[in-house]
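Each chain, letter by letter, is given below.
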Amino acid sequence: MGFWKSFFGGEENDPEEQKKNNEARNFDILKYDGVKAMRTHQMDYAVKCFREALKIKDDPESRDYLSQALLATGALEESLAELKTLAAQAPDNAKVLLQAAHVAYMLEDYAEMKQLCLKAQELEGDSATVSYMLAQAAKGEGNLVETIALLTKAVAQDEQHGDARLLRARTLLAMGDAKGAREDADWLMGHTEDNEDVLLLAARVAYAEGKAAEAIAVYDKVMEQNPFQLDALRERGKLKLEQGDKQGAEEDMRRLLELNPGELDGTNGEYQAEGVEQMMKRAYSPINPFGL
């Protein structure tokens, strides 16, 4: 019978082979649909596609896509779990370990982040990226001295590492070393163009140095670039009040309450002349522009 089916163009059906072919086709469809959904920012659907695809075939690329889609939906713990599974399947891949470390950082799990970074370091040796991420973990754990040491190492490994310089300056400023922070701030100002984070840092350094006019001028630049930068608005208002510019401080407070009506408990944005200065002192007093 088999001979005659073959002779006349027919084939015997092999159920097992047919099952494998269907699974392979379904896997390809699900993976393709997942990638397409990611590109169109339909992340929930992408997650469903990749999960179903992985039930058919344990494909590392699909798992990587799944971790990215989960991250985009805010499912950080699930994203980290997928990356750790992927890292176990590819123990020589330092990139996956660093991806997982970044998600651990987002979860504020600094102990996990540190361990993942150290594993990556064992694989690829010292690098500016690993040193910087270890510094982030150290900062998260509150070890500022170790943070500075690791960031200095990162900058020595790559002097163009702007993120390391920015974090080092912020940390030095929090430690009361305005002079050290100034060096990194000046470098960053000279190597970036109107970067909001750098401008805000430069304003804070000038504030810490007692250079009020310079600080206000830089805060002005931050606000020109981003009129919704609440930290700059708060800190500029506080500095104006300290300098005796009550009108300017009040203007900043009014703007702050327009943008963030809940800034002060019991305040709805309406002012009366009496008590305005006391209210501003209460609002501005807790603001610390020198902390992390």
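To be clear, the structure that these remarks concern was listed above.
Residues numbered from 1 in each chain as written. Predicted model: local features only at pLDDT ≥ 70, side-chain atom pairs only at ≥ 80, totals over all residues. Heavy atoms only, no water.

(A) Main features of the pattern of salt bridges. Following the criterion strictly, the structure yields 24 salt bridges and no others. The closest approach of N and O atoms between Glu-52 and Lys-55, which form a salt bridge, is 3.0 Å. One end of the pair is Glu-52 and the other is Lys-55, both in helix α3 (residues 43–56) and three residues apart, which spans about a single turn. Classification of Glu-52 by relative accessible area gives partly exposed; the value is 37%. Across the pair Arg-170 and Asp-197 runs a salt bridge, and its minimum N-O distance is 3.8 Å. (Salt bridge = Lys/Arg side-chain N within 4 Å of Asp/Glu carboxyl O. Helix = DSSP H or I, 4+ residues; strand = E, 2+ residues; numbered from the N terminus. Buried < 20%, exposed > 50% of the residue type's maximum accessible area, 1.4 Å probe, protein only.)

(B) Representation of helix α7 (residues 110–124) in the model. Compared with an ideal rise of 1.5 Å per residue, which puts 15 residues at 21 Å, α7 spans 21 Å between its outermost C-alpha atoms and is within 8% of the ideal. If you follow the buried residues of α7, they end up packed against α5 (76–89), α6 (94–106) and α8 (128–140). Phi turns positive one or two residues past the end of α7, at Gly-125, with a value near 75°. (Expected span 1.5 Å × (residues − 1). Contact = heavy atoms within 4.5 Å.)

(C) Representation of helix α14 (residues 230–242) within the structure. Over its 13 residues, α14 extends 18 Å from the first C-alpha to the last, a length consistent with the 18 Å expected when each residue adds 1.5 Å. Counting buried residues in α14 gives 10 out of 13 residues, a clear majority hidden from the surface. Taken together, the buried positions of α14 are Ala-232, Leu-233, Arg-234, Glu-235, Arg-236, Gly-237, Lys-238, Leu-239, Lys-240 and Leu-241. The N-capping residue of α14, defined by a side-chain oxygen 3.0 Å from the backbone nitrogen of Asp-231, is Gln-229. Where α14 terminates, the next one or two residues include Gly-244, which has phi positive at roughly 85°. (Polar contact = N/O pair within 3.5 Å; in protein donor to acceptor, adjacent residues only side chain to side chain.)

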